[in-house]
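Residues per chain, in single letters:
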Amino acid sequence: MEIFKTCFLMVGLVLLFMFVGAWIGGEQGMIMAFLVALGMNFFSYFFSDKLVLKRYNAIEVDENSAHGLYAIVKRLCQKTSMPMPRIYIIPEQMPNAFATGRNPSHAAVAATEGLLNLLDENEVEAVLAHELSHVRHYDILTGTIAAVIAGAIAMLANFAQFGTMNRENSQRNNALMMIIIAVVMPLAASVIQMAISREREYKADKGAALMTGHPEWLASALNKLENYSRSYAIQNASPQSAHMFIVNPFGSFKDKFSGLFRTHPSTSDRIVRLNELAQQLSTSHRNHGASGFFRR
């Protein structure tokens, strides 16, 4: 169901982009908008991981330089038969983490120094399992493409707002249509982008819980991260990459707008779902034993 919903939302974003392009330049504009969308997605597919790691000054580590962190990631990858991703540490005191990469074979996970200092080993494992779940389900690619298309729609809307488009008929001169293109379309694109992001966060939380077998580890980690983020934010955080982090890098004190515009579900909702899943897994464990649970 989550995959269907995400695909539906992605198609909606592309159609919005093509509609705005068509209004600006007619049939040729729609074709150009579609080609631009393809080009941006191609660029995102191959280069977005390098750009985001460079932006946050991430430092690659290995088994010798970060033995404990490496061991956790290796254990999780062996459990799920995933390729070993590259591992990075971000010199940032706000606790947070993200994953990037176009597929499991070209992936990277990054954790801030603040996260490694704040959380215990079980909580760190749960956070890394969350990020590996994103990688496993291609969420990073999906989120990056959604962010690129939403940004492109906003750019086209700015062109429309300042009258730099070529109007071919009276319909394009319609004031109401101008308002829709310049204001409503970018808002709609943002709402769709945020909805995609929230859906994938819930899915990754569940994936992490199943990967570790301990939903309470992630619930505890999220609680600590939320408490810390009420007062602090990552200083050089980018809106285009905010959806990648396990919690909002701008801090929860800046995330009090309508739920439609959140990059992440509320932490309290995520913790409630994890606690419910913990109860379900506890019942399943008692009825079938641990080996039965991990086969599912």
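Bear in mind that the values here come from a model prediction, so they are computed numbers and not experimental data. (Residues numbered from 1 in each chain as written. Predicted model: local features only at pLDDT ≥ 70, side-chain atom pairs only at ≥ 80, totals over all residues. Heavy atoms only, no water.)

**A closer look at the overall build of the protein**
Within the protein one finds nine helices and four strands. Reading the protein from its N end, one meets helices and strands in the order α-β-α-β-β-β-α-α-α-α-α-α-α. Residues classed as buried in the protein amount to 52% of the 296 residues present. Partitioning the contacts of the protein with sequence separation of at least 6, the portion at a separation of at least 24 is 70%. Of the roughly 14500 Å² that the protein leaves accessible, carbon and sulfur atoms contribute 59%. (Helix = DSSP H or I, 4+ residues; strand = E, 2+ residues; numbered from the N terminus. Buried < 20%, exposed > 50% of the residue type's maximum accessible area, 1.4 Å probe, protein only. Contact = heavy atoms within 4.5 Å. Areas by Shrake-Rupley, 256 points an atom, 1.4 Å probe, with all protein chains shown as cover.)

**Section: the confidence of the model for the protein**
Looking at the protein as a whole, the pLDDT averages 81, with 78% of positions reaching at least 70. Here helix α9 (residues 290-295) stands out as the element of the protein with the lowest mean pLDDT, 40, in contrast to strand β2 (residues 86-90), whose mean of 98 is the highest. Under a pLDDT of 50 for its full length, residues 164-172 has, in the predicted model, 19 contacts with residues more than four places off or in other chains. Low pLDDT (under 50) marks residues 290-296, which in the prediction has nine contacts with non-local residues, meaning those over four places away or in another chain. (pLDDT = per-residue confidence, 0-100.)

**Structural notes on the nonpolar core**
Of all hydrophobic cores here, the largest spans 54 residues; its most connected members are L53, Y56, L69, F98, L115, V127 and L218. Examining the composition of this core, we find that seven residues originate from one element, helix α4 (residues 121-136), more than from any other. Not counting chain neighbours up to four residues away, the residues in contact with Y56 comprise I90, P91, F98, I234, N236, A237, S238, S241 and F245. Core analysis: the next-biggest nonpolar cluster, separate from the first, contains 17 residues, L16, I145, A150 and I192 among them. (Core = buried A, V, L, I, M, F, W, Y, C linked by side-chain atoms within 4.5 Å.)

**Looking at the sheet that holds β2**
If you trace the four strands from one edge of the open sheet to the other, you get β1-β2-β4-β3, paired in mixed fashion. In the strand order of this sheet, the two ends are held by β1 (59-61) and β3 (97-101), each with one partner. Strand-to-strand twist of the sheet, defined as the mean angle between neighbouring strand axes without regard to direction, takes the value 30 degrees. Two strands pair when backbone bridges link them, and β1 and β2 are joined in this way by three bridges, in the antiparallel orientation. Bridged to V61 within β2 is I87. Sheet contacts for helix α2 (residues 67-80): β1, β2 and β4 (107-112); angle to β2, the most-contacted strand, approximately 140 degrees. (Pairing = 2+ DSSP bridges. Axes fitted to C-alpha atoms, helices over the stretch in contact; angles between N-to-C directions.)

**A look at the side chain of T112**
Within the element layout of this structure, T112 appears in strand β4. By relative accessible area, T112 is classed as buried at 0%. The contact partners of T112, leaving out residues within four places of it in the chain, are I90, E92, M94, P95 and N96.

**Side note on a nonpolar patch on the surface**
Side chains of I31, M32, L35, V36 and L38 sit close together on the surface and give an oily, nonpolar patch of about 440 Å² of accessible area. Structurally, the position occupied by M32 is in helix α1 (residues 2-55). (Patch = residues over 30% accessible without salt bridge, like charges linked within 9 Å, V, L, I, M, F, W, Y side chains within 5 Å. Salt bridge = Lys/Arg side-chain N within 4 Å of Asp/Glu carboxyl O.)

**Comments concerning unusual backbone geometry**
Notably, S81 is not glycine yet its phi reads approximately 60 degrees, a positive angle. The residue S81 is located in the loop between α2 and β2 in this model. A positive phi is found at Y138, a non-glycine position, where the angle reads about 60 degrees. The topology assignment puts Y138 in the loop between α4 and α5 (139-161).

**Looking at α4**
Think of an α-helix as turning once every 3.6 residues; residues three or four places apart then point the same way. The first and last C-alpha atoms of α4 sit 22 Å apart over 16 residues, in line with the 22 Å expected at 1.5 Å per residue. α4 sits mainly inside the fold: 13 of its 16 residues count as buried. Here α4 starts with a cap whose side-chain oxygen sits 3.1 Å from the backbone nitrogen of N122, and that cap is D120. Immediately beyond the C-terminal end of α4, within one or two residues, lies Y138, with a positive phi of roughly 60 degrees. (Expected span 1.5 Å × (residues − 1). Polar contact = N/O pair within 3.5 Å; in protein donor to acceptor, adjacent residues only side chain to side chain.)

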